[in-house]
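Understanding the architecture of this molecule
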Amino acid sequence: NGDLYGCGNNINYKLGIDSEKNVNLFTKIEIPQDLKGHITDICGNGNHTIIKTDNNKIYGCGDNQFGQLGLSEDIKFVKEIVELPLLSDFACEIGAGIDYTVCISKNAVIGFCGHNDKIQSGRKDLPEFNYKIEIIDNLFSKEELKELNNIGIKELEEGNKFRLFVGDYHYGIGEKFS
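Presented here is a report on the structure given in the accompanying data block. Within every chain, residues take consecutive numbers counted from 1 along the sequence as written. Only residues with pLDDT of at least 70 get local features here, since the model is predicted, and only at 80 or more are side-chain atom pairs given and counted; chain-wide, interface and lining totals rely on the full set of residues. Hydrogens and waters are ignored; side-chain quantities use all the structure's heavy atoms.

**Some words on the overall build of the protein**
Secondary structure assignment for the protein yields two helices and 13 strands. Residue burial in the protein is summarised as follows: out of 178 residues, 44% are buried. We call two residues in contact whenever any of their non-hydrogen atoms come within 4.5 Å of each other. Across the protein, contacts joining residues at least 24 apart in sequence account for 46% of those joining residues at least 6 apart. Roughly 9,400 Å² of accessible area belongs to the protein as shown, and the carbon and sulfur atoms make up 47% of that amount. Helix and strand definitions here come from DSSP, where helices need a minimum of 4 consecutive H or I residues and strands a minimum of 2 consecutive E residues; each element is numbered from the N-terminal end. Burial classes: relative accessible area under 20% of the type maximum marks a residue as buried, over 50% as exposed, and values in between as partly exposed (1.4 Å probe, protein chains only). Reported accessibility uses the Shrake-Rupley method at a 1.4 Å probe radius. Residues are deemed covered only where the shown protein chains occlude them.

Below you can see the structure in the form of structure tokens.
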């Protein structure tokens, strides 16, 4: 029926419930009406949750202290699920690290927002906090990008470090990644 349920740790409102209390049983989470029945991907890690829909709109909730929701630095926490315009305009695939978000456009361009204290973006030149989408364009050569456009992106997997699986290639960025 398109309803969304969640349970577990709700620190920083990452479940989209207007309380930081942990939720021990699956609980229905209020979502915008235009999100019902359209969720295709959900990822969360640590302090925030990112949701993708079948029309490539991106929603989220939780912690934005480091810019991981792609919202203004004035917004520290989002207590309910809302559309994330910057991510919606960019993302085709999404991934959530502890305090950052990685997204990939349909043209195989990688974007990053959030905490970069351990060079989670793969770029030392980015600031520690990123409240807008930063393009991470130095991960692929022109030949690889051309090939990625032909193959198409298969999966984006995230964690404390994140892994990007593309075709037969495996790329990774993050602290202590091997």
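**Observations concerning the side chain of T53**
For T53, the position within the fold is in strand 4 (residues 48–53). Look past the residues within four positions of T53 in its chain and what remains in contact with it is L35, H38, I39, T40 and Y59.

**Quick notes on unusual backbone geometry**
Even without being a glycine, Y13 presents a positive backbone phi close to 65°. Residue placement: Y13 occurs in the loop between strand 1 (4–8) and strand 2 (23–29). With phi around 60°, I119 is a residue other than glycine that occupies positive phi space. For I119, the position within the fold is in the loop between strand 9 (110–115) and strand 10 (129–136). Here I119 falls in the partly exposed class, since its relative accessible area comes to 30%.

**Overview of the nonpolar core**
In terms of nonpolar packing, the biggest core is built from 15 residues, with I50, I58, L84 and L87 touching the most fellow members. In this view, L87 contacts I50, I58, L69, T101, C103, C113 and I133; residues no more than four positions away in its chain are not counted. One finds L15, I31, C61 and I81 within the second-largest nonpolar core, a separate group that totals ten residues. By nonpolar core is meant a set of buried Ala, Val, Leu, Ile, Met, Phe, Trp, Tyr and Cys residues that side-chain atoms within 4.5 Å join together.

**Considering the packing of aromatic side chains**
Two rings from Phe, Tyr or Trp (for Trp, the six-membered ring) form a pair when their centres sit within 6.5 Å of each other. Planes less than 30 degrees apart are called stacked, planes more than 60 degrees apart edge-to-face, and all others tilted. A full pass over the atoms with the stated rule returns three aromatic pairs. Residues Y13 and F77 carry aromatic rings whose centres are separated by 6.1 Å and whose planes lie at 70° to one another, so their mutual orientation is edge-to-face. Taken as a pair, Y13 in the loop between strand 1 and strand 2 and F77 in strand 6 (residues 77–83) lie far apart in primary sequence, 64 residues in all. Classification of F77 by relative accessible area gives partly exposed; the value is 34%.

**A look at the side chain of N64**
With respect to the helices and strands, N64 occurs in the loop between strand 5 (58–63) and strand 6. Within the structure, N64 has its side chain in polar contact with the backbone nitrogen of Q68 (distance 3.5 Å). If we skip the residues at most four places from it in the chain, N64 touches L69, G70, L71, S72, I75, K76 and Y131. Any N or O atom pair separated by 3.5 Å or less is treated as a polar contact, with the protein-specific requirement of one donor-capable and one acceptor-capable atom, and with residues adjacent in sequence counted only for side-chain atom pairs.

**Points about the environment of G70**
Along the chain, the position of G70 falls in the loop between strand 5 and strand 6. Each C-alpha atom, one on G70 and one on G114, is 7.4 Å from the other, the two residues being 44 residues apart in sequence. When near neighbours in sequence (up to four residues on either side) are disregarded, G70 contacts N64, L86, C113 and Y131.

**Overview of the pattern of salt bridges**
Take a side-chain nitrogen of Lys or Arg and a carboxyl oxygen of Asp or Glu: if they are within 4 Å of each other, that pair is a salt bridge. By the definition in use, this model includes seven salt bridges. K28 is the salt-bridge partner of D3, the closest N and O atoms lying 3.6 Å from each other. Of this pair, D3 sits in the segment before strand 1 while K28 sits in strand 2, and the two are 25 residues apart along the sequence. The exposure class assigned to D3 is partly exposed, which follows from its relative accessible area of 22%. Taking relative accessible area as the criterion, K28 reaches 39% and is therefore assigned partly exposed. Here the salt bridges share partners, and the residues they tie into one network are D3, K28 and K36.

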